[in-house]
Structures are given as structure tokens and as C-alpha cells.
Amino acid sequence: MLYTSTRDNSVKVNASHAIAQGISEEGGLFVPCEFPQFSIEKIKEMASMTYIERAKTVLREFLDDFSEEELDYCVSGAYAAGKFSSDSVAPTVNITGNENVLELWHGPTCAFKDMALQLLPYLMTVSAKKTADRKTIVILVATSGDTGKAALEGFKDVEHTKILVFYPENGVSPMQKLQMVTQEGSNVSVCAVKGNFDDAQSAVKAIFTNDEIKEKLAQKNMMFSSANSINWGRLVPQIVYYFSSYCDLMNSGSITAGDKINVVVPTGNFGNILACYYAKKMGLPVKKLICASNSNNVLTDFLTTGTYNKNREFYTTTSPSMDILISSNLERLLYHISGNDDKLINDLMGKLSKDGVYSVSDSLLSDIQKTFSAGYADEDEVNGTIKTYFDKYNYLCDTHTAVALKVYSDYVEKTGDDIPTVIDSTASPYKFSKSVLSAVTGGNLPEADEFDMVKELHDKTGADVPKPLASLRDKEVRFSNVCSKDDMGKMVFKLLGI
């Protein structure tokens, strides 16, 4: 299995190289040159497997330069008993009728990013031994909230790694911020950025491709890599849980092998929904992929009109992990659907960088729309959805999941397409206690701090409070760094002690 770059398809590297390097030299993203095919019979065999066995079944196809022993070490370590609060790791919960929620937040940081970021440090260390000549790998991360904590937790005290996380100063929830600034570990650093997530992400990408900075790191026997979903090692584990959810639906009798399902994904950076697109390319019977956005609905507009335009008002919402106007992984989708046209990708990404806008051809848009639908939910709709699902079904969801549930409801009303559907739930409601409590109570909030809000939400709903969040109350704040996006390069050196 070889990987190429979205911006130079003459590049050919193996999985270890793609994972260790993170991003291609010219700024492109690594993608598989081909996709393994899973028959319905193979998927039926996976139904009787544990999550660890399902993960190894999928991942060995993409990581064929890993030995069976190395693969087992990585996967078994990531999803070992006790790391996730659910025995099934990522349970699929029926809400009503054909509506099923895939709960991806039972890991140590209570967000879906754990599904990949518990595994990535294992993949990274094995890859580095093969390709990085024992260099110290500097994991550089821009986060809109959840990736940062999940990456910090995954990489803390991992040998031969350092991890630097940058987050928008006023663009994450209080609980998300507290998770990051109290992070333990001798190799971790955290810094707030004056600006939004796109500012931080663009600066990180620029640092990755800055030859002067890379040379300075090389002199210290260091190299950059990424824990964002631009890294193939972050994206490939996410393919697994779509196959796993399909198996769960078979086991519950909701579908029979071969039945098509729809999948709804709340997404800002497009990685989570792209992973399902890859599962579909591999043979998973997915009919429609429904992309759910919040008020920052740049993806909805693109998937509807074919024009991607980041030159618009940026909204700070109650679903901050989706407060993104530059969706990095869309580049991968465009590469595949255009027939691996790296020249087109360079042209489109150049226009995005220079002008903030690009348009695709009608034929390319038509090809995308054969698989993808899209919608968005504003803040009032998010609040109403949280309250409705709790009042009607006694199901408490977070703000991001509410975006997906609302968009799905609109999709069914518009199309009548209500076949069995999986809706991604990406975070515990307690990561956004104030917003969720406000929705449940109709805006009647007490004067209270974040942890009193947690208690009040528990008292109102009876939903269990995840232990990793409850334990944050008395933890010491370790990081208070703040910088501008233009000074992030200097901050990298400062945090590394260079």
C-alpha cells in the first residue's frame, strides 16, 4: 500500500513515512494510491469480532509495512480494557425508529478525537523507528477544542516526542480550555492564539513548510509531524468505527448484511466525514453522506453550489469544534473525485490561499452530490434540538451532536429518505455543560461556575458525569502562554527551549 500527495502524485511513500512526516514536502496531504475492497461476506465476519479485532481487520490493509506484532501492539494498546468507559468502545445507540447515534466520546477526553488519538502515538512511534532515524518528533497541533486535549493525552510522556498545542484564545469551551491548560506530562506545551482556529491552523501549516524552521529543528535532531487529521495516521483509525457501527446494526437486527445506510456527520475540518467516504469506497454499503454544519456553514454552501468561499463572517458558536472556515480534508475529497488531478488541487488551493475562494466545475460538483448532501443548524435550532431529544426520548446530547440531529431531521423532511441512519455523536454533553444546561432548561441558568453547571446538569437530567471531566476541578493550571498568529513560529522555539 503506497501513498501519494494531493499536490504531487509523483510522490510514492509507504504508510510509516506518511505517518511520521505528517504532510508532504510541498504542502499536500497524503492519500492512499488505492483502496482495499471489503466484500459483504467479510463485513459479516467482522460482526462477531470485538472492536480491537475489527480495527486490526481494517488497519492491516492500510498499514501493510507494519508487522502483525506491531499492528497488534498498536491497536491493543490504544483500545485496551479500561481506556474507554464503554466495553464496545464506540457503541451505536438506537434513539427511535431508524435513527441511531454512534457515540464516539467514551474515551479518556470524552470526545471523538480519542478514537484516533489513542492510536496515533503508537502508530507514530512504530513509524518513527522505521523512518525517522531516532529523531525527536515534534507534534504540532492547531485545535478548535477537542483535538488538542486528545492529542496531549495520547502523546504525554511518549518517548522521543514533544507535543505543542495551539488553540484560539476565546474559541473553545471553558471545559475544553481547562482540559488543555492542566495537562500533565513532561513533553507537552500549550499556547493560546489571538484569533480563531483558522488563524492557528494556517500558521501551523506555514510552519510545517518553512525551510528555515525545519532546518533549525534538524540541527537539534528534531522533525515536525502532525496530530491533526491532515496526518494519515489520524484519519485512518476513523474508518474503523463506521464499519463497526454497521456491524452493530446487523447484530441488533436493525439491518441485514448488504442493506444500505445513511450517515450524518457534524464536521468542520471534513476529516470525520471523509473517513466514512473512505469506508464507502472500500465497500461499506453507505447510500448518502450528510454533512452537518453550524452557523459557519462554508461546507454546506460548497456542497450545494460548488463554490468554496471563506470570505464571510466568522461565528463563535456553542459547537466550537466546528467553528472552522478552512476545511483541510476537503482537499483529499477533491483529489479523489477529480480523478487524482494534482494540478487541479494546486490551482484550487492556490486560489483559496490567495483569494479565499474557488469554484469547481458543474460536472465535479455533480459527482460530489451523488454521495454527499449538506445542511446546517443555527444556535436556536441547536438549543431546540437538545431540549426536544431530552424531553421526548430522554437522550442528552452535546451541541455538535444536536447540529447533526437537526440537519438529519431537515434532510428526512426534504427527501423522505429515512432508511436506517447512523448519526455521529462527537462529544460528551458535559464538555459543554453551560450550553447544554441552557438548552435543557429553556435558558434558565443559575449563577454558577463550570463545575456547578456540571452538577446542575446532572441533577436535571440524571446523565452520568464522565470521571475525566469531574476530576478536573482541583487540577493545577500549568500553561498560560498567549501569542499572535504571526509569532507562532517564535513560540514553537520558545516552547521547545531552542
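In case you missed it, the structure is sitting above this.
Here's what I pulled together on the structure shown here. (Residues numbered from 1 in each chain as written. Predicted model: local features only at pLDDT ≥ 70, side-chain atom pairs only at ≥ 80, totals over all residues. Heavy atoms only, no water.)

### Looking at the sheet that holds strand β10 (residues 261-266)
The strands making up a sheet associate through backbone hydrogen bonding, with each pair oriented either parallel or antiparallel. Heads up, the condition is: At least two bridges found by DSSP between two strands is the condition for calling them paired. Only DSSP runs of H or I with at least four residues qualify as helices, and only runs of E with at least two residues qualify as strands; both kinds are numbered from the N terminus onward. Only the stretch in contact is used when a helix axis is fitted, and all axes are lines through C-alpha atoms; the angle between N-to-C directions ranges over 0 to 180 degrees. Residue contacts are counted whenever heavy atoms from the two residues lie within 4.5 Å of one another.
Taking strand neighbours across the sheet as the criterion, the 6 strands line up as β4-β5-β15-β10-β11-β14 in an open arrangement whose pairing is mixed. Single-partner strands in this sheet number two, and they are β4 (92-96) and β14 (372-376). Shown here is a sheet whose adjacent strand axes are inclined to one another by a mean of 25 degrees, direction ignored. Note: β4 against strand β5 (residues 99-103), 4 bridges, orientation antiparallel. Bridge pairing in β5 places N94 opposite N100. Packing against the sheet, helix α13 (residues 298-305) makes contact with β11 (286-293) and β14, and its axis sits at approximately 140 degrees to β14.

### A few points about the pattern of salt bridges
The line we're drawing: Think of a salt bridge as a Lys or Arg side-chain nitrogen and an Asp or Glu carboxyl oxygen that are within 4 Å of each other. Each residue is placed in one exposure class: buried if its accessible area under a 1.4 Å probe, protein chains only, is under 20% of its type's maximum, exposed if it is over 50%, and partly exposed if it falls in between.
Following the criterion strictly, the structure yields 24 salt bridges and no others. Of the charged contacts, one joins R312 and D301 as a salt bridge, the two residues approaching to 2.9 Å between their closest N and O atoms. Taken together, the residues span a long stretch of sequence, with R312 in the loop between β12 (307-309) and α14 (330-337) and D301 in helix α13 at a distance of 11 residues. With relative accessibility at 26%, the residue D301 sits in the partly exposed group.

### Side note on the nonpolar core
How we decide: As used here, the term nonpolar core means buried Ala, Val, Leu, Ile, Met, Phe, Trp, Tyr and Cys residues forming a set that is joined through side-chain atoms within 4.5 Å.
Core analysis: the largest hydrophobic core is formed by 151 residues, its most contacted members being F62, I239, F243, L334 and Y358. Beyond its immediate sequence surroundings of up to four residues, L334 is in contact with F302, I345, L348, M349, Y358, V360, L364 and I368. Formed by 28 residues, the second largest nonpolar core is a distinct cluster that contains I23, V138, L164 and F493.

### Side note on the packing of aromatic side chains
Applicable threshold: Only rings of Phe, Tyr and Trp enter the pairing, Trp through its six-membered ring, and a pair is recorded when the two centres are within 6.5 Å. The plane angle decides the type: under 30 degrees is stacked, over 60 is edge-to-face, the rest tilted. Comment: the charge-over-ring label is applied if NZ (Lys) or CZ (Arg) is within 6 Å of the ring centre and within 35 degrees of the ring normal.
Counted under the stated rule, the structure contains 18 aromatic pairs. With centroids separated by 5.7 Å and ring planes inclined at 70 degrees, the aromatic side chains of F208 and F224 adopt a geometry described as edge-to-face. Taken together, the positions of F208 in helix α9 (residues 197-208) and F224 in strand β9 (residues 222-226) put the pair 16 residues apart, joining distant regions of the chain. Taken together, the ring pairs connect Y3, F35, F62, W232, F270, Y277, Y278 and F372 into an aromatic cluster. Taking NZ or CZ as reference, K130 lies 5.7 Å from the ring centre of F66, over its face.

### Some details on α14
Taking burial as the measure, the 8 residues of α14 include 8 buried ones, the bulk of the element. In the segment just after α14, G339 is the residue with positive phi, at about 80 degrees.

### A word on the side chain of S433
With respect to the helices and strands, the residue S433 is situated in helix α19 (residues 433-440). Judged by relative accessible area, which is 0%, S433 ranks as buried. If near-sequence neighbours (up to four positions away) are discounted, S433 is found in contact with E450, M453, V454 and L457.

### So, the sheet that holds strand β6 (residues 136-142)
Here we have 5 strands laid out as an open sheet, ordered β9-β6-β7-β8-β16, and parallel in their pairing. Of all strands in the sheet, those bounded by a partner on one side alone are β9 and β16 (481-484). With strand direction ignored, the average angle separating the axes of adjacent strands in the sheet is 30 degrees. With 6 bridges joining them, strand β7 (residues 161-168) and strand β8 (residues 188-194) adopt parallel strand pairing. Note that in β8 the partner of V165 across the bridge is V190. Running at roughly 125 degrees to β9, helix α10 (residues 211-219) makes contact with β6 and β9 of the sheet.

### What to know about the packing of helix α17 (residues 379-393) against α19
Applicable threshold: Convention used here: angles under 35 degrees read as roughly parallel, angles over 145 as roughly antiparallel, angles from 65 to 115 as roughly perpendicular, and any remaining angle as oblique. Whether a crossing is left-handed or right-handed is set by the direction in which the near helix is turned from the far one by less than a right angle, anticlockwise for left-handed and clockwise for right-handed. Think of it as three bins: nonpolar holds Ala, Val, Leu, Ile, Met, Phe, Trp, Tyr, Cys and Pro, charged holds Asp, Glu, Lys and Arg, and polar takes everything else, Gly as well.
Running from N to C, α17 and α19 cross one another at 65 degrees; their axes reach a closest spacing of 8 Å. Classified by the angle their axes make, α17 and α19 are roughly perpendicular. Judged by the twist between their axes, the crossing of α17 over α19 is right-handed. Mapping the contact onto sequence places N383, I386, K387 and F390 in α17 and S435, V436, A439 and V440 in α19. Across the contact of α17 with α19, the residue classes tally to 5 nonpolar, 2 polar and 1 charged.

### With respect to the environment of T92
Let me state the cut-off plainly: The definition of a polar contact used here is a pair of N or O atoms within 3.5 Å, where within protein one atom must be able to donate a hydrogen and the other to accept one, and adjacent residues in sequence count solely through side-chain atom pairs.
Locating T92 in the fold gives a position in strand β4. In this structure, T92 is in contact with N100, V101, L102, S245, D248 and L249, ignoring residues within four places of it in sequence. Side-chain polar atoms of T92 contact the side chain of S245, separated by 2.9 Å. Only 3.5 Å separates the side chain of T92 from the side chain of D248, close enough to count as a polar contact.

### Things to note about the packing of α19 against helix α20 (residues 450-461)
Remark: α19 packs on α20, axes separated minimally by 9 Å, with the N-to-C direction vectors making an angle of 40 degrees. The chirality of how α19 crosses α20 is left-handed. Of the residues in α20, those touching α19 at S433, K434, V436, L437 and V440 are E450, M453, V454, E456, L457, K460 and T461. Split by residue class, the contact of α19 with α20 holds 6 nonpolar, 2 polar and 4 charged.

### Some remarks on unusual backbone geometry
You will see that V89, though not glycine, has its phi angle at about 70 degrees, which is positive. Its place among the elements puts V89 in the loop between α4 (68-78) and β4. One non-glycine residue, N340, adopts positive backbone phi at about 65 degrees. Of note, N340 is situated in the loop between α14 and α15 (342-355). Owing to a relative accessible area of 36%, N340 belongs among the partly exposed residues under this scheme.

Remember, this is a structural readout, not a statement about activity or role.
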